[in-house]
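Coordinates in review
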Amino acid sequence: MQGAPVDGAAIDGPLLVELYGPRAWAPLWTTAKDKELRPRVASVLEQIRKAGDEGLDPAWYHPKQIERLVGASTDAQKAQLEMLLSDAVMHYAAHVRDGAFRPDKRTGDGWVQPTDLDPTQVAEEAARSADPGSYLATFVPTDPTYVRFRDEFARHREAASGKGLPPVADGPKLAVGSKGSRVKALRAHLEATGDLRAGDPATDPELFDEEVKAALEAFQKRHGLAVDGVVTTKTRAALNGGAGRGRARQLQIAMEKFRWLPRDLGRRHVFINIPEQRLHLRDGGRSDLEMNVVVGKPTWQTPEFSAEMSEIVFNPPWNVPPKIAREEVLPRIKSDPSYLKRHDMRMRGRGRTIPLIQQAPGPRNPLGRAKFNFPNGFDVYLHDTPNKGPFRAADRRLSHGCVRVADAKGLAAAILAKDSGGGAARQKAALSSFQTRAVALGEKLPVHIVYFTAWPNDEGEIVYRGDVYRRDAKLDARWGKPRGLRKPAPVAPPPVRTDDEDDDVARGVQPSATGVEATPGSPGQPGPVPGAAVVGPARTASDRGPAASAAAGTVAAARRARPSTAAPGAPVGGAIDSRSGAVAADVGSPPGPGGGSESPTRGAGDPEPLSP
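Please read these numbers as outputs of a predicted model, since none were measured by experiment.

Rules and cut-offs
- Residues numbered from 1 in each chain as written.
- Predicted model: local features only at pLDDT ≥ 70, side-chain atom pairs only at ≥ 80, totals over all residues.
- Heavy atoms only, no water.
- Helix = DSSP H or I, 4+ residues; strand = E, 2+ residues; numbered from the N terminus.
- Buried < 20%, exposed > 50% of the residue type's maximum accessible area, 1.4 Å probe, protein only.
- Polar contact = N/O pair within 3.5 Å; in protein donor to acceptor, adjacent residues only side chain to side chain.
- Phe/Tyr/Trp six-rings, centres within 6.5 Å; stacked < 30°, edge-to-face > 60°.
- Lys NZ or Arg CZ within 6 Å of the ring centre and 35° of its normal.
- Axes fitted to C-alpha atoms, helices over the stretch in contact; angles between N-to-C directions.
- Parallel < 35°, antiparallel > 145°, perpendicular 65-115°, else oblique.
- Contact = heavy atoms within 4.5 Å.
- Nonpolar A, V, L, I, M, F, W, Y, C, P; charged D, E, K, R; others polar.
- Pairing = 2+ DSSP bridges.
- Core = buried A, V, L, I, M, F, W, Y, C linked by side-chain atoms within 4.5 Å.
- Salt bridge = Lys/Arg side-chain N within 4 Å of Asp/Glu carboxyl O.
- pLDDT = per-residue confidence, 0-100.
- Arc of directions from axis to C-beta.

**A word on the side chain of N373**
- Turning to its location among the elements, N373 is positioned in strand β10 (residues 370–373).
- Owing to a relative accessible area of 0%, N373 belongs among the buried residues under this scheme.
- Among the polar contacts made by the side chain of N373, one reaches the side chain of E311 at a distance of 3.0 Å.

**Things to note about the packing of aromatic side chains**
- Inspection of every chain in the model, using the stated rule, returns 15 aromatic pairs.
- In textbook terms, an aromatic cluster arises when at least three aromatic residues are bridged by ring pairs, as seen for Y146, F149, F258, F271, F452 and W455.
- One residue, R247, lies across the ring of Y464, its end atom 4.2 Å from the ring centre.
- Its guanidinium or amino end placed over the ring of F434, R369 lies 4.2 Å from that ring's centre, counting from NZ or CZ.

**Comments concerning the packing of helix α9 (residues 210–222) against helix α10 (residues 233–240)**
- Taken N-terminus to C-terminus, the directions of α9 and α10 make an angle of 85°; their axes are 11 Å apart at the nearest point. In terms of orientation, α9 and α10 fall into the roughly perpendicular class. Across from L216, F219 and Q220 in α9, the residues of α10 making contact are T235, A238 and L239.
- Grouping the amino acids of the contact of α9 with α10 by side-chain chemistry returns 4 nonpolar, 2 polar and no charged.

**A few points about the packing of helix α1 (residues 13–20) against helix α4 (residues 75–98)**
- One way to put it is that α1 packs onto α4 with a least axis distance of 11 Å and a crossing angle of 100°. Classified by the angle between their axes, α1 and α4 sit roughly perpendicular to one another. Contact with α1, carried on its side by L15, L16, L19 and Y20, involves E82, M83, S86, D87, M90 and H91 of α4 and no other residues of that element.
- For the contact of α1 with α4, the residue count by class is 6 nonpolar, 2 polar and 2 charged.

**Some remarks on the pairing of strand β14 (residues 437–450)**
- One ladder, built from 4 bridges, connects strand β3 (residues 268–273) with β14; its direction is parallel. In the strand pairing of β14, V270 is matched with V447.

**Observations regarding the side chain of D98**
- Within the secondary structure layout, D98 lies in helix α4.
- Side-chain polar atoms of D98 contact the side chain of R97, separated by 3.0 Å.
- One polar contact links D98 to R263, side chain to side chain, over a distance of 2.3 Å.

**A look at the nonpolar core**
- Formed by 66 residues in total, the largest nonpolar core has its most connected members in W29, I66 and F149.
- The dominant element in this core, judged by the number of residues it contributes, is α4, at 11 residues.
- Among all residues touching I66, those that are not within four sequence positions of it are V41, L45, I48, Y61, L81, L84, L85 and A88.
- Judged by nonpolar contacts, the second largest core, of 35 residues, contains L279, V295, V405 and A412.

**Concerning the pattern of salt bridges**
- A full pass over the atoms with the stated rule returns 29 salt bridges.
- The shortest N-O distance in the salt bridge between R155 and E152 comes to 2.8 Å. Of this pair, R155 and E152 both sit in helix α7 (residues 144–160), 3 residues apart, which is roughly one turn of that helix.
- A network of salt bridges, in which partner residues are shared, links R267, R268, D283, D288 and K418.

**Things to note about the pairing of β10**
- Residues of β10 alternate between two faces, with A370 and F372 on one and K371 and N373 on the opposite face, all of them buried.
- In terms of strand pairing, β10 meets strand β11 (residues 382–383) through 2 bridges, oriented antiparallel. Counted as the bridge partner of F372 is L382 from β11.

**Re the sheet that holds strand β9 (residues 355–359)**
- Strand order in this open sheet of 3 strands is β7-β9-β8, and the pairing throughout is antiparallel. With partners counted over all chains shown, the strands left at the sheet margins are β7 (318–320) and β8 (345–350), one partner each. For this sheet, the mean angle separating the axes of adjacent strands, direction not counted, is 30°.
- Pairing of β7 with β9, which is carried by 3 bridges, proceeds in the antiparallel orientation. The residue bridging N319 from the neighbouring strand is Q358, located in β9.

**Considering the confidence of the model for the chain**
- Per-residue pLDDT for the chain has a mean of 78; in total, 75% of the residues score no lower than 70.
- Of all secondary-structure elements in the chain, the lowest mean pLDDT belongs to helix α17 (residues 499–507), at 37, while helix α6 (residues 132–137) reaches the highest, 98.
- A low-confidence stretch, residues 554–605 (pLDDT under 50), is modelled with 141 contacts involving residues beyond four sequence positions or located in other chains.

**Points about the environment of H156**
- Position of H156 relative to the elements: it lies in helix α7.
- Under the relative-accessibility criterion, H156 is labelled buried at 2%.
- When the C-alpha positions of H156 and R247 are compared, they lie 6.4 Å apart, and in sequence the two are 91 residues distant.

**Some remarks on unusual backbone geometry**
- In the Ramachandran plot, Q277 falls in the positive-phi region, its phi being about 55° despite a non-glycine side chain.
- Positive phi, close to 55°, is recorded for D344, a residue that is not glycine.
- Inspection of the secondary structure puts D344 in the loop between α13 (339–342) and β8.
- A relative accessible area of 30% means that D344 is categorised as partly exposed.

**Quick word on α10**
- For α10, the set of buried residues is T235, R236, A238 and L239. Along the axis of α10, the buried residues cluster in a sector spanning 160°; they form a single face. Exposed positions of α10 whose direction lies more than 90 degrees from the buried face are T233 and K234.

**Remarks on the environment of Q65**
- Mapping Q65 onto the fold places it in helix α3 (residues 63–69).
- A C-alpha to C-alpha distance of 7.7 Å links Q65 and G8, two positions 57 residues apart in sequence.
- In contact with Q65, other than residues within four places in its own chain, are V6, D7, G8, A9 and L84.

Listed below in structure tokens is the structure:
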């Protein structure tokens, strides 16, 4: 939201050109008589002043400047009021519905397909409405999850408005029987988080009793800590960084990121929250199945996106990406000529620079017994693994972008049990041997890989996790500069080509529509799917009506102050480089050790097994 200032407020000049140019600069608001205009402006002001309840800054929507200009008598002042009102209603509606910011692929946010409305249509409909504030209220999300965020945000926002809570000071562990000022501070924190009821006057405020222990255990469970009812260093850090301002900002960011999600997640869908490092198979708002997952390392992060699962490949072979072949496999072959044979690998020909290597299905295969395909531009998928050790760890950031699931067979069975394609029987048949079999889903299943450090569980309690990739911190750093708007013009992002696909093209092999390589028994990586973004330069108008000549001059100045090349609504994904950046194109099968316990098939002299 940049541009020439109007009464001290920065307006979006190019957007106003898009709105008023086609109207020959005829006003939308200030044609009304003063007595009719005042209640309509008051209605707008009442709604935009509630922006703080949604985690947005009301100052972004010029309430002070609008109020000051109500009842203006000069043409110049009316022109200013006109522009401020239109700018405010367009940005408020877009920000509260679709988000005040956009995911930044440079920080690893991934690709979230924009669902932008037409801001100029919003301004026109608001101006025609007898109660424009009520019209703007229709853009506020009503999803129960969002409402739960907002309620929790209001509570922490209120706590943050005071002087804040005293920290739980460093010292020995606190447990049942402890006494002193540190316990009193602990009680205050647990009351602020809602885990402990306000103290009974008869209760000793400096005593750590069973009631405090139960409240602390509830706090620890929601924050992913060891549930032992003892204030350790980690628990104390969570307490001191939580109630009030810290949690309020965390919830504010969660509300913003919720606005990025698709309007309809699907009644039945797979939901993977990266900071929680858990998978949920949800149906009707509740989890039918949950399990631990392994996500990407901080240096090779799992991206955020939504896609649709189309098939499950049982006993998948692994087409070793060129990067792993070059950096891992070829050096091992050089030192051990029997390496390929011992690991059920074979040469499939030659790519542009190095041999094409495939590992056959079997107990040595790092994809395990099942791979879940949902075509996306990141070449990310879910898969089994023979190495189960890491699933018992608290920190499971070990992969190179793909998501390993703790119970792939159970997940496949749960998905196919309610699938119209009748795949449950085929799963049983597929797992009776190590022959590769792809089972297409009768109905595609939405998959959402998200990043929420705060999220309501099935009981409606907000659970908190750490900012494992620092994405919240990066969004927080740009919070003061909300995005500008443009009329939506859907554009597909550039396709993302993986190293595997490059080699397939070199060999003349074309992938199938499902993303499985056409060569029999050799499933490839899922291909990219198009998304949409908001792009398009501001339009100009050659005809300017005399009724808005003052407004036109100010808008023109705003337009010059903000070159159209700034394009705040440019595609989020852009061209994702296939060989660099936080999200690499061969993210599905990266190099590096698998971590955790050894594979049962590892040879005595082998290095760590390869793993996606």
